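Survey of secondary and tertiary structure
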Amino acid sequence: MLVLAVETSCDETALALIDFKHSRDFKVIAEKISSQEEVHKLYGGVVPELATREHLRNLPLLIDTLWRETGLDFKKIDAMAVTQGPGLKGCLLIGLSYTKAVSMAFDLPLVGVNHIEGHLLAPLMDNRALEFPYLALVVSGGHTELVLVTDFGKYKILARTLDDAAGEAFDKSANLLGFSYPGGPQLAALADQYKSSRFKLPKVMRSSNEFSFSGLKTAIALLIQKNRSLLHEADTRGELAHAIQESIVESLVSKVQEAVHSFGIRNVAITGGVSANKHLRRRVSELSGIKIYFPEFHHCTDNASMIAYAAFPRIIANQRLELNGTALSRWPVEEVNF
Ligand code: KG4
Ligand code: ZN
């Protein structure tokens, strides 16, 4: 079954074409992604109006490129999938309008997918050895959640952030160090060049069951402020980046450790943009007694393959997006129905 998926929930326009035999046996035929980083970095964050306009411009171009490169056309597609939420309303609407129109024109089944469900299933898609049930830590620009995944469509939130997401903590710290948006990967690349740091940050989140980055964010802002006059020195910036990465990563590692201990589940998946962080990957892989899984690097950040993957069991189960099915800017993943 050939599935075409479209993802437009935030600032990446993405397409994927996957040929499924079943959920554990499939072939990715093509993946396309168009990032809007250049547009938004002028403003230090995603501007929803501009993001919407970019999707409108890029989506048809990306489809054209996909057809040209694969030699396929809509007549060969068996079903379509689209991110229905959560995300920026205008952005979601572009993907929804486009896929509704095409699916009607070619009489194709269309399924609406929860973006977080996509992130939760990305490690399953990329690791044949991973099986249900597993603990998933979603660490992205907008989400930090620990979820018990027992089956397709069966998600239980065990902990979530009370304030910022892990990706935001990276991006906001990176901004204070002078990196352009989204600075997380740049901060990480600089931090990885240093083996140690003269700077220390507090250990956070040890006493609460939830995630919270506000205390750490304040400590980071104060530390950078205190050393402002030294920020032009390469080593000072590098060691600050090292200390910041260390503190965010250690807070996540301690939560994973706690969760494994409390729930006794040994399969752990880390997913979402921040799961591309090499230091985080290294540190959680050192934890004993658990098996740890990540998506492939290009499936950590937003992509359409994870949307196709989450859609497949729904297509099989005859779920359909109604014509009046609308964009859901807020859509907690535990509320998906299956
Ligand atoms: O999942 P994603 O692409 O978008 C959302 O759904 O939010 O995640 C993007 C986030 C950004 O905050 C970005 O800075 C962060 O993931 N990120 C990283 C790394 N790569 C992406 N943070 C730290 N280290 C990285 N290597
Ligand atoms: Zn995402």
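Rules used in this analysis
- Residue numbering note: each chain is counted from 1, following its sequence as written.
- The lettering of chains begins at A and the numbering of ligands begins at 1, in the order of writing.
- Only residues with pLDDT of at least 70 get local features here, since the model is predicted, and only at 80 or more are side-chain atom pairs given and counted; chain-wide, interface and lining totals rely on the full set of residues.
- As a rule here, side-chain values come from all non-hydrogen atoms in the structure, and water together with hydrogens is ignored.
- Think of it in three bands: with a 1.4 Å probe and only protein chains considered, a residue is buried below 20% of the maximum accessible area for its type, exposed above 50%, and partly exposed in between.
- By definition, any uninterrupted DSSP run of H or I lasting at least four residues is a helix, any uninterrupted run of E lasting at least two residues is a strand, and each is numbered from the N terminus.
- Strand pairing is assigned whenever DSSP identifies at least 2 bridges connecting the two strands.
- With its strands directed away from the observer, a crossover is right-handed exactly when the path from the first strand over the helix to the second travels clockwise.
- The criterion used for residue contact is that any of the two residues' heavy atoms lie within 4.5 Å.
- Any residue with an atom within 4 Å of a point lines the site, the site being either a cavity, points on a 1 Å grid over the protein atoms alone where a 1.4 Å probe fits but cannot get out, or a pocket, an open set with protein on both sides within 12 Å along at least 5 of 7 lines.
- Grid points are joined across faces, edges and corners, and a volume is the space filled by probe spheres set on the points.
- Note on residue categories: nonpolar means Ala, Val, Leu, Ile, Met, Phe, Trp, Tyr, Cys or Pro, charged means Asp, Glu, Lys or Arg, and polar means any other residue, Gly included.
- The axes used here are C-alpha line fits, helices contributing only the stretch in contact, and every angle between their N-to-C directions lies in the interval 0 to 180 degrees.
- Whenever two N or O atoms come within 3.5 Å, that pair is a polar contact, provided that in protein one can donate a hydrogen and the other can accept it, and provided that, for residues adjacent in sequence, both atoms are side-chain atoms.
- Working definition of a nonpolar core: buried Ala, Val, Leu, Ile, Met, Phe, Trp, Tyr and Cys residues. They are joined through side-chain atoms within 4.5 Å.
- Nitrogen, oxygen and sulfur within 2.8 Å of a metal are treated as its donors, or within 3.2 Å for sodium, potassium and calcium (Na, K, Ca); water is not counted, so a site can appear incomplete.
- Just to be clear on the cut-offs, tetrahedral is four donors with all angles between 85 and 135 degrees, square planar is four donors and octahedral six with opposite donors over 155 degrees apart and all others between 65 and 115, and anything else goes down as irregular.
- Residue count minus one, scaled by 1.5 Å, sets the expected span of a helix.

Take the pairing of strand β4 (residues 79-85) next. Counting buried residues along β4, 7 of its 7 residues qualify, which places the element largely inside the surrounding structure. Both strand β1 (residues 2-7) and β4 contribute to a ladder of 4 bridges, which runs parallel. By the bridge assignment, Val 3 is partnered in β4 with Ala 79. For the handedness criterion, the β-α-β arrangement of β4, helix α3 (residues 89-105) and strand β5 (residues 110-114) is classed as right-handed.

Here helix α9 (residues 278-285) has its buried residues at His 279, Leu 280, Arg 281 and Val 284. Lining the buried residues of α9 we find β6 (134-139), α8 (234-263), β9 (267-271) and β10 (291-293).

Time to look at the layout of surface pockets. In this model, the largest pocket occupies a volume close to 1,100 Å³. Around the largest pocket, the lining is made up of 42 residues, and of these Ser 140, Gly 141, Asp 171, Tyr 181 and Pro 182 lie nearest the centre. Within the residue set of the lining of the largest pocket, elements represented by two or more residues are α1 (37-40), α4 (115-126), α5 (166-176) and α6 (184-191). Its residues assigned to classes, the lining of the largest pocket shows 14 nonpolar, 17 polar and 11 charged. Split into classes, the residues belonging to the lining of the second largest pocket amount to 5 nonpolar, 5 polar and 5 charged.

Attention now moves to the sheet that holds β6. Strand order in this open sheet of 5 strands is β8-β7-β6-β9-β10, and the pairing throughout is mixed. This sheet does not close on itself; its edge strands, each paired only once, are β8 (154-160) and β10. The sheet shows a mean angle of 25 degrees between the axes of neighbouring strands, taken without regard to direction. Sheet topology note: the β6/β9 ladder contains 4 bridges and is parallel. Among the inter-strand pairings, Ala 136 is bridged to a residue of β9, identified as Ala 269. Together, β6, β7 (144-151), β8 and β9 form the strand contacts of α4, whose direction differs from that of β6 by roughly 125 degrees.

Looking at the element boundaries, Glu 239 is found in helix α8. Of the polar contacts made by the side chain of Glu 239, one reaches the backbone nitrogen of Arg 198; its length is 2.8 Å. Look past the residues within four positions of Glu 239 in its chain and what remains in contact with it is Tyr 194, Ser 196, Ser 197, Arg 198 and Phe 199.

Below, the discussion takes up the nonpolar core. In terms of nonpolar packing, the biggest core is built from 50 residues, with Leu 177, Leu 252, Ile 270 and Leu 280 touching the most fellow members. Here this core gets 11 residues from one element, more than from any other, and that element is α8. Setting aside chain neighbours within four positions, we find Leu 280 in contact with Val 139, Val 249, Leu 252, Val 253, Ile 270, Val 274 and Ser 275. Residues Ala 14, Val 113, Ile 307 and Ala 311 belong to the second largest nonpolar core, which totals 39 residues.

The protein atoms that coordinate the zinc ion (ligand 2) are His 115 (NE2), His 119 (NE2) and Asp 302 (OD), at distances of 2.0 to 2.1 Å. Every donor counted, the 4 donor atoms about the zinc ion (ligand 2) form angles of 94 to 140 degrees at the centre, which fits irregular coordination. Here the donor residues of the zinc ion (ligand 2) share one chain and are spaced in sequence as H-x3-H-x182-D. Highlighted residues: His 115 and His 119, both in helix α4, separated by 4 residues, approximately one helical turn. For the pair formed by His 115 and His 119, the shared burial category is buried.

Quick look at helix α7 (residues 214-226) now. Taking 1.5 Å of rise per residue, the 13 residues of α7 would be expected to cover 18 Å, and the 18 Å separating its terminal C-alpha atoms lies within 8% of that figure. Where the residues of α7 are buried, they touch α5 and α8.

Below, the discussion takes up the sheet that holds strand β3 (residues 25-35). Read from one edge to the other, the open sheet built from 5 strands follows the order β3-β2-β1-β4-β5, with strand pairing classed as mixed. Among the strands making up the open sheet, the edge pair consists of β3 and β5. The sheet shows a mean angle of 20 degrees between the axes of neighbouring strands, direction not considered. As paired elements, strand β2 (residues 12-22) and β3 share 10 bridges and run antiparallel to each other. Considered in β3, the bridge of Ala 14 is made with Ile 33. Most of the contacts of helix α2 (residues 48-70) go to β2, to which it runs at about 40 degrees, and overall it touches β1, β2 and β3. Its contacts with the sheet put helix α10 (residues 305-316) on β1, β2, β3, β4 and β5, and the angle it makes with β2 is roughly 45 degrees.

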